[in-house]
Amino acid sequence: MIVGAAIVRDGALLAQQRAYPEEAAGLWELPGGRVEEGEPEEAAVRRECAEELGVAVEVGDRVGADVPLPGGKVLRIFAATLAEPSARPHAVEHRALRWVGTSDVAGLDWLPADRVLVPELEKLLRDTGSA
């Protein structure tokens, strides 16, 4: 199981740009990663955000359906907010971070698994009051 966080602040979604591996470098994705054995999914979301962004998050509801991944794995996305609203996420393992509004989500060059979720991400932003 792979989990991801759709972090929303002030009507914008946080996306991160891959630095590696070479075939994924430059593509955008949501923060997240593997669920460790015996780890609850929400705890994995919090851990991955701390590791990848250096911030604490509050985990909310699921976003969209599970996305099948190669090797029989599944990507499951959760809505999230920064535990401290003024916290500044930083790119620990990634090339860049970017906050995007509803009208910009579809224009990012997403990894294929994340691109599947663009309609649900746009809906999440609309539902949270983004312009």
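Along every chain, residues carry numbers that run from 1 in the direction the sequence is written. Only residues with pLDDT of at least 70 get local features here, since the model is predicted, and only at 80 or more are side-chain atom pairs given and counted; chain-wide, interface and lining totals rely on the full set of residues. Neither water nor hydrogens contribute to the side-chain values; these are computed over all heavy atoms in the structure.

1. Focus: the pattern of salt bridges
Inference 1: Salt bridge, as applied in this entry: a Lys or Arg side-chain nitrogen positioned within 4 Å of an Asp or Glu carboxyl oxygen. For the structure shown, the criterion picks out nine salt bridges.
Inference 2: In this structure, R47 engages E48 in a salt bridge whose closest nitrogen and oxygen atoms are separated by 3.0 Å.
Inference 3: Among the charged side chains, a network of salt bridges with common partners joins E36, E39, R47, E48 and E51.

2. Points about the pairing of strand β5 (residues 57–68)
Inference 1: Across seven bridges, β5 lies against strand β6 (residues 74–82) in antiparallel orientation. Opposite V57, over in β6, you have L82 as the bridge partner.
Inference 2: Should DSSP find at least two bridges between two strands, the strands are regarded as paired. Runs of H or I in DSSP of at least four residues are treated as helices and runs of E of at least two as strands, each being numbered from the N terminus. Adjacent in sequence and paired antiparallel, β5 and β6 are bridged by five residues, among which G71 carries a positive phi angle near 80°.

3. Describing helix α1 (residues 41–53)
Inference 1: Here, expected helix span is obtained from the residue count minus one, scaled by 1.5 Å. If you check α1, its first and last C-alpha atoms are 18 Å apart, about what 13 residues at 1.5 Å a residue would give, namely 18 Å.
Inference 2: The buried label goes to any residue with under 20% of its type's maximum accessible area, the exposed label to any with over 50%, and the partly exposed label to all in between, with areas taken from a 1.4 Å probe on protein chains only. Those residues of α1 not exposed but buried are A44, V45, E48, C49, E52 and L53. Each buried residue of α1 lies within a common arc of 130° when the element is viewed along its axis, so the set occupies one face.
Inference 3: The criterion used for residue contact is that any of the two residues' heavy atoms lie within 4.5 Å. Looking at the packing, one finds that the buried side of α1 touches β1 (2–9), β2 (12–17), β4 (32–34), β5, β6 and β7 (96–100).
Inference 4: Positive backbone phi, at 70°, marks G54, one or two positions downstream of α1. Note that the arc is defined by the directions from the helix axis to the C-beta atoms.

4. Things to note about helix α4 (residues 118–127)
Inference 1: Taken together, the buried positions of α4 are occupied by V118, L121, E122, L124 and L125. The buried residues of α4 occupy an angular sector of 155° when the element is viewed end-on, so they sit on one face.
Inference 2: Two residues or fewer past α4, G129 is found with a positive phi of approximately 95°.

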